[in-house]
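Fold and contact review
Here is what each chain is made of, one letter per residue.
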Amino acid sequence: MIIQPLQVADLPAVARIEQRSMADPWTEQQLVAELQAGNGVSFVAEEDGRVCGYAFFRTCAPESELLRLAVDPGMRRNGIGEALLRHALYSFFRQGYTTCFLEVRSSNVGARRLYEKIGFFQAGIRKKYYRQPIEDAVLLCRNFSDMTEGIFEDLKRY
């Protein structure tokens, strides 16, 4: 697997994954706008030359925020989402960022387990945050204060 910055050429594959993965998917115009955002950071995971996952972040030093993380439904449970997230956190850690935030549907148990595995903790609830269906969001936070270079040793292969 290769993790690298998302490029314009990756957008058709990202849009397909987005449509198959999200209850309220972003349009192609929204994906383009996010890629072009001045404080946006995005990554794709590729396996055998095929985009199999992506992550979009926003940054405002010293904080970062995960906006979107998705893996092709046919390739889930293979560590792709975890690798994308760890790669991004490592990048932010190396640049001096101190925190990453995200929201996740309260019912998305699998994603919540992944985030907790990586050290995110619950910081709050946002009532009726999501549409289609209406659902609360759990606000999670990962502080980088306990991170060291050694935590990310396994990521150097990406």
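Residues numbered from 1 in each chain as written. Predicted model: local features only at pLDDT ≥ 70, side-chain atom pairs only at ≥ 80, totals over all residues. Heavy atoms only, no water.

**Here we look at the packing of aromatic side chains**
The description of an aromatic ring pair rests on the distance of the ring centres and on the angle between the ring planes. Note the threshold: Think of it this way: a Phe, Tyr or Trp ring, Trp meaning its six-membered ring, pairs with another when their centres are within 6.5 Å, and the plane angle makes it stacked under 30 degrees, edge-to-face over 60, tilted otherwise. Each residue gets one of three labels from its accessible area relative to the maximum for its type: buried under 20%, exposed over 50%, partly exposed in between, using a 1.4 Å probe on protein chains only.
Tallying each qualifying case throughout the model produces 7 aromatic pairs. Centroid distance Tyr129 to Tyr130: 5.1 Å. Interplanar angle 90°. Geometry classified as edge-to-face. For Tyr129, a relative accessible area of 41% translates into the label partly exposed. For Tyr130, a relative accessible area of 18% translates into the label buried. An aromatic cluster is present here, built from Phe43, Phe57, Phe92 and Tyr97 joined pairwise through their rings.

**A closer look at the pattern of salt bridges**
As a reminder of what qualifies: Any Lys or Arg side-chain nitrogen located within 4 Å of an Asp or Glu carboxyl oxygen qualifies as a salt bridge. Strands here are runs of E lasting at least two residues and helices are runs of H or I lasting at least four, both read from the DSSP assignment and numbered beginning at the N terminus.
This structure, assessed with the given rule, holds 10 salt bridges. Between Arg131 and Asp24 there is a salt bridge, with its nearest N and O atoms 2.6 Å apart. Highlighted residues: Arg131 in the loop between β6 (121-130) and β7 (135-143) and Asp24 in the loop between α1 (11-21) and α2 (28-36), separated in sequence by 107 residues. We classify Arg131 as exposed; its relative accessible area is 54%. A relative accessible area of 26% places Asp24 in the partly exposed class. In this structure, the salt-bridge partner of Glu34 is Arg58, at a minimum N-O distance of 2.6 Å. Within this pair, whereas Glu34 is found in helix α2, its partner Arg58 is found in strand β3 (residues 50-60), the two being separated by 24 residues in sequence. The structure contains a network of salt bridges with shared partners spanning Arg20, Arg50 and Asp72.

**Structural notes on helix α4 (residues 109-117)**
An α-helical turn contains 3.6 residues, so any two residues separated by three or four positions project in the same direction. Operational definition: Summarising the geometry, the arc corresponds to the directions from the helix axis toward the C-beta atoms. Residue contacts follow a heavy-atom distance rule, with two residues in contact if any of their heavy atoms lie within 4.5 Å.
Regarding α4, the residues found buried are Ala111, Leu114 and Tyr115. Projection of α4 onto a plane perpendicular to its axis shows the buried side chains occupying an angular sector of 95°, all on one side. In α4, those exposed residues whose orientation departs by more than 90 degrees from the buried face are Arg113 and Lys117. Looking at the packing, one finds that the buried side of α4 touches β4 (63-71), α3 (80-94), β5 (99-105) and β7. A positive backbone phi angle near 105° is found at Gly119, which sits one or two residues after α4.

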